[in-house]
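Structural description and commentary
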Amino acid sequence: MLQTKDLLGLRDISAGEIEELLDLAGQYKRKVKGGEKKFSVLSGKTLVTLFYENSTRTRTSFELAGKYLGAHEVNISASSSSVQKGESLIDTGKTLQALAVDYIAIRHPMAGAPHLLASTVNASVLNGGDGMNEHPTQALLDMLTMKETFGSLKGLKVAILGDIKHSRVAKSNLFGLSKMGAEVWVYAPKTLIPVGFDRLGARIARSREEAIEGANVVMGLRIQLERQSGGAFPSLSEYSTFYGVKDGMLARAAKGAIVMHPGPVNRGIELTPSLIDGDRSRIEDQVTSGLCVRMAALTLLSRYRENKGL
Ligand code: CP
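Description of the structure in this document. (Residues numbered from 1 in each chain as written. Predicted model: local features only at pLDDT ≥ 70, side-chain atom pairs only at ≥ 80, totals over all residues. Heavy atoms only, no water.)

1. Some details on the nonpolar core
The condition is simple: For our purposes a nonpolar core is just a set of buried Ala, Val, Leu, Ile, Met, Phe, Trp, Tyr and Cys residues, chained together by side-chain atoms within 4.5 Å. Each residue is placed in one exposure class: buried if its accessible area under a 1.4 Å probe, protein chains only, is under 20% of its type's maximum, exposed if it is over 50%, and partly exposed if it falls in between. Either an automatic procedure or a domain database provided the assignment from which the domain bounds are taken. Note on definitions: a residue-residue contact is assigned when non-hydrogen atoms from the two residues lie within 4.5 Å.
Counting residues in hydrophobic clusters, the biggest one holds 66 residues, and the most contacted among them are L140, M143, M146, I164 and M295. Each of domain 1 (15-135 + 287-308) and domain 2 (136-286) accounts for three or more of the residues forming this core. Setting aside residues up to four positions removed in sequence, M146 forms contacts with G151, L153, L156, V158, N173, L177, V217, M219 and M260. Judged by nonpolar contacts, the second largest core, of 19 residues, contains Y187, A205, V245 and A257.

2. Quick word on the site of the ligand
As a reminder, the rule being used: Residues are labelled near a given molecule or strand when at least one of their non-hydrogen atoms is within 4 Å of it. Polar contact is the term for a pair of N or O atoms within 3.5 Å; when the atoms are in protein, one must be able to donate a hydrogen and the other to accept it, and sequence-neighboring residues count only if both atoms are side-chain atoms. Throughout, the Shrake-Rupley method with a 1.4 Å probe supplies accessible areas, and for residues the shown protein chains are the sole cover considered. Throughout, the protein atoms alone are placed on a 1 Å grid, and a set of points is a cavity if a 1.4 Å probe fits but cannot get out or a pocket if it is open with protein on both sides within 12 Å along at least five of seven lines; lining residues have an atom within 4 Å of a point. Molecules are considered to sit inside a cavity or pocket once more than half of their atoms lie within 2 Å of its grid points.
Near the ligand, the surroundings consist of S55, T56, R57, T58, R107, H135, Q138, P262 and G263. Contact between the ligand and R107: an oxygen atom at 2.9 Å from a side-chain N or O atom of the residue. Measuring from a nitrogen atom of the ligand, one finds a backbone N or O atom of P262 at 2.9 Å. Here the ligand has 260 Å² of accessible area as a free molecule, and 91% of this is covered by the chains. Among the detected pockets, the ligand sits in the largest pocket.

3. Some points on helix 2 (residues 57-68)
This is how the line gets drawn: Numbering of helices and strands starts at the N terminus; helices are DSSP runs of H or I of at least 4 residues and strands are runs of E of at least 2. To estimate the expected span of a helix, count its residues, drop one, and scale the result by 1.5 Å.
Over its 12 residues, helix 2 extends 16 Å from the first C-alpha to the last, a length consistent with the 16 Å expected when each residue adds 1.5 Å. Buried within helix 2 we find T58, S61, F62, E63, A65, G66 and Y68. One or two positions beyond helix 2, positive phi appears at G70, with a value near 90°.

4. Quick look at the packing of helix 1 (residues 15-33) against helix 10 (residues 283-308)
The condition is simple: Fitting a line to C-alpha atoms yields each axis, with helices limited to the stretch in contact; the angle taken between N-to-C directions then spans 0 to 180 degrees. Just so you know how the angles are binned, under 35 degrees is roughly parallel, over 145 roughly antiparallel, 65 to 115 roughly perpendicular, and the rest oblique. Crossing handedness: left-handed means the near helix sits turned counterclockwise from the far one by under a right angle, and right-handed means the same turn made clockwise. Just so you know the grouping, Ala, Val, Leu, Ile, Met, Phe, Trp, Tyr, Cys and Pro go in nonpolar, Asp, Glu, Lys and Arg go in charged, and all remaining residues, Gly too, go in polar.
Packing of helix 1 against helix 10 brings their axes to within 8 Å, and their N-to-C directions diverge by 120°. As far as their axial angle goes, helix 10 and helix 1 are oblique. Here helix 1 and helix 10 pass one another in a crossing that is right-handed. Note on element contacts: helix 10 touches helix 1 through D285, T288, S289, L291, C292, V293, M295, A296, A297, T299, L300 and R303, opposite E20, L21, L24, A25, Y28, K29, V32 and K33. Within the contact of helix 1 with helix 10, the residues separate by chemical class into 12 nonpolar, three polar and five charged.

So far we have only geometry, and geometry alone does not tell us how the molecule works.
As structure tokens, then:
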């Protein structure tokens with residue numbers, strides 16, 4: 001069982017907890033795909049999505065997860081809230097606490113913001129992405145799609161190509177996949193590989209070919225133009241030419257290899273459109289996994305809260 005009030009990252013949760021989240025998410029996925037969308041797990045509870053950055057997939061799937069589980073669900077978008085009048089995150093948290101909110105899914109540009117919020121409210125906080133730190137539910141949904149494709153995560157080679165330095169997705173995947181026995185390889189311009197990433201367990205490839213050779217999963221990551229403070233590479237077209245994944249390159253990958261991307265995708269930059277839309281792509285399945293992982297996370301946190309009398 002999840003041993004924590006909040007889901008803030010995968011660095012600090014165990015392989016057993018990840019396994020439990022993935023098992024329950026898989027059960028929800030089978031039910032949701034069969035048309036079942038009404039559960040009473042969070043009946044009478046309230047979920048707020050508090051997003052200080054743009055999102056399509058994460059925010060919508062947290063909202064739908066809350067609704068399918070029977071919660072009251074409210075969205076606060078920073079651009080139309082009292083944050084614009086200078087209200088601090090802690091004061092926003094106290095306000096939500098006074099409104100008897102039980103779950104808060106937050107996305108924030110500053111690393112550690114969800115941790116600060118979690119330490120000041122009784123509600124369970126779910127990290128929907130904090131700066132360049134972590135995006136735990138994204139990595140869980142990626143792992144669910146991989147596990148469903150291959151049966152197990154143990155022994156998989158996962159090649160991640162793209163903006164590793166600014167990516168919370170890469171970090172959460174590295175923490176989660178390493179705990180589950182997979183090997184994570186990364187490839188990008190040196191300026192987009194964070195210092196010390198190898199000490200966290202990643203294998204740094206010297207070429208695209210080395211990254212993709214024998215890989216079971218080839219994952220593109222978005223080039224985050226909004227987080228680049230200065231030329232990490234000369235131009236998008238040069239990035240695409242020298243670092244993007246093209247159709248023929250999958251011939252080097254393992255038999256049955258799949259293509260993944262957390263989205264949003266810069267079409268033709270990280271991956272070619274034919275890879276994005278091709279039969280090896282699991283990008284749409286990742287979105288469905290995201291809904292079900294968030295349902296599972298809310299469910300397991302609700303069991304923790306019940307056990308602790310919260
Ligand atoms: N993958 C992901 O976090 O997408 P959104 O930014 O649309 O939520």
